[in-house]
Amino acid sequence: MCGRVKLGLSHRELDSRLIACHGHAMANLQVKHVPDTLHQRLRRYAQRHKCTLSDIVLSAIEHELARREWHERLAERPVTDLGDSASSLLAEERQERRQDLA
């Protein structure tokens, strides 16, 4: 569940306090040409989960980026030669299990 604390501050006051605390402001990202159906789905999802649209979109971007980075790291790993195909090793294990259970 996403939640925001009400501070009673305007966006400008909050921005200036964040800059004072962290020495820099966060970047903004604008997404153009979002299909209306996707926008509506995102808004409904955010409402159901009591989050802002920004929370949902940032979470989705972070998740997708992590997934792509994982795939890149996986592609860089050397190929492991098992000697036999994974399917034949699995079939062999299943056959042994059937024999053990019989």
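The shown structure was predicted, so the numbers you read here are calculated from the model rather than taken from an experiment.

Enquirer: What is the right way to look at the overall build of the protein in this model?
Expert: Each helix and strand in the protein was counted, giving four helices and zero strands. In sequence order, the secondary structure elements of the protein are arranged as α-α-α-α. Out of the 102 residues in the protein, the part that is buried amounts to 3%.

Enquirer: What should I look at first to understand unusual backbone geometry in this one?
Expert: Excluding glycine, a negative phi dihedral is what most residues carry, and trans is how most peptide bonds are arranged. Notably, His33 is not glycine yet its phi reads approximately 60°, a positive angle. Here the phi dihedral of Lys50 falls at roughly 55°; this positive angle occurs in a residue that is not glycine. In this structure, Lys50 sits in the loop between α2 (36-48) and α3 (53-76). Note on Lys50: relative accessible area 57%, which makes it exposed.

Enquirer: How should I be thinking about the pattern of salt bridges in this particular structure?
Expert: A pair can form between side chains of opposite charge whenever their charged atoms are brought close. For the structure on display, the rule yields two salt bridges. A salt bridge links Glu64 to Arg67, with the nearest nitrogen and oxygen atoms 2.7 Å apart. Of this pair, Glu64 and Arg67 both sit in helix α3, three residues apart, which is roughly one turn of that helix. Between Arg68 and Glu64 there is a salt bridge, and its shortest N-O distance comes to 2.6 Å.

Enquirer: Which parts of the structure should I look at to understand the confidence of the model for the protein?
Expert: Low-confidence regions, as indicated by low pLDDT, have predicted coordinates that should not be scrutinised in detail. For the protein, the average pLDDT comes to 84, and 76% of its residues sit at 70 or higher. Per-residue pLDDT, averaged within each element of the protein, yields its smallest value for helix α1 (residues 11-22) (61) and its largest for α2 (96).

Enquirer: Please explain a negative patch on the surface as it appears in this structure.
Expert: A surface patch of negative charge is lined by Asp81, Asp84, Glu92, Glu93, Glu96 and Asp100. Take Asp84: it is sitting in the loop between α3 and α4 (86-101).

Enquirer: Which parts of the structure should I look at to understand the packing of α2 against α3?
Expert: How two helices pack is summed up by the angle between their axes together with the distance between the axes. For the pair α2 and α3, interaxial distance at closest approach is 8 Å and the crossing angle is 105°. The angle between α2 and α3 places the two elements in the roughly perpendicular class. Residues His39, Leu42, Arg43, Tyr45 and Ala46 of α2 form the contact with α3, whose participating residues are Leu53, Ile56 and Val57. Residues of the contact of α2 with α3, tallied by class, amount to six nonpolar, one polar and one charged.

Criteria and cut-off values
- Residues numbered from 1 in each chain as written.
- Predicted model: local features only at pLDDT ≥ 70, side-chain atom pairs only at ≥ 80, totals over all residues.
- Heavy atoms only, no water.
- Helix = DSSP H or I, 4+ residues; strand = E, 2+ residues; numbered from the N terminus.
- Buried < 20%, exposed > 50% of the residue type's maximum accessible area, 1.4 Å probe, protein only.
- Salt bridge = Lys/Arg side-chain N within 4 Å of Asp/Glu carboxyl O.
- pLDDT = per-residue confidence, 0-100.
- Patch = residues over 30% accessible without salt bridge, like charges linked within 9 Å, V, L, I, M, F, W, Y side chains within 5 Å.
- Areas by Shrake-Rupley, 256 points an atom, 1.4 Å probe, with all protein chains shown as cover.
- Lys, Arg positive; Asp, Glu negative; His and termini not counted.
- Charge placed at Lys NZ, Arg CZ, Asp CG, Glu CD.
- Axes fitted to C-alpha atoms, helices over the stretch in contact; angles between N-to-C directions.
- Parallel < 35°, antiparallel > 145°, perpendicular 65-115°, else oblique.
- Contact = heavy atoms within 4.5 Å.
- Nonpolar A, V, L, I, M, F, W, Y, C, P; charged D, E, K, R; others polar.

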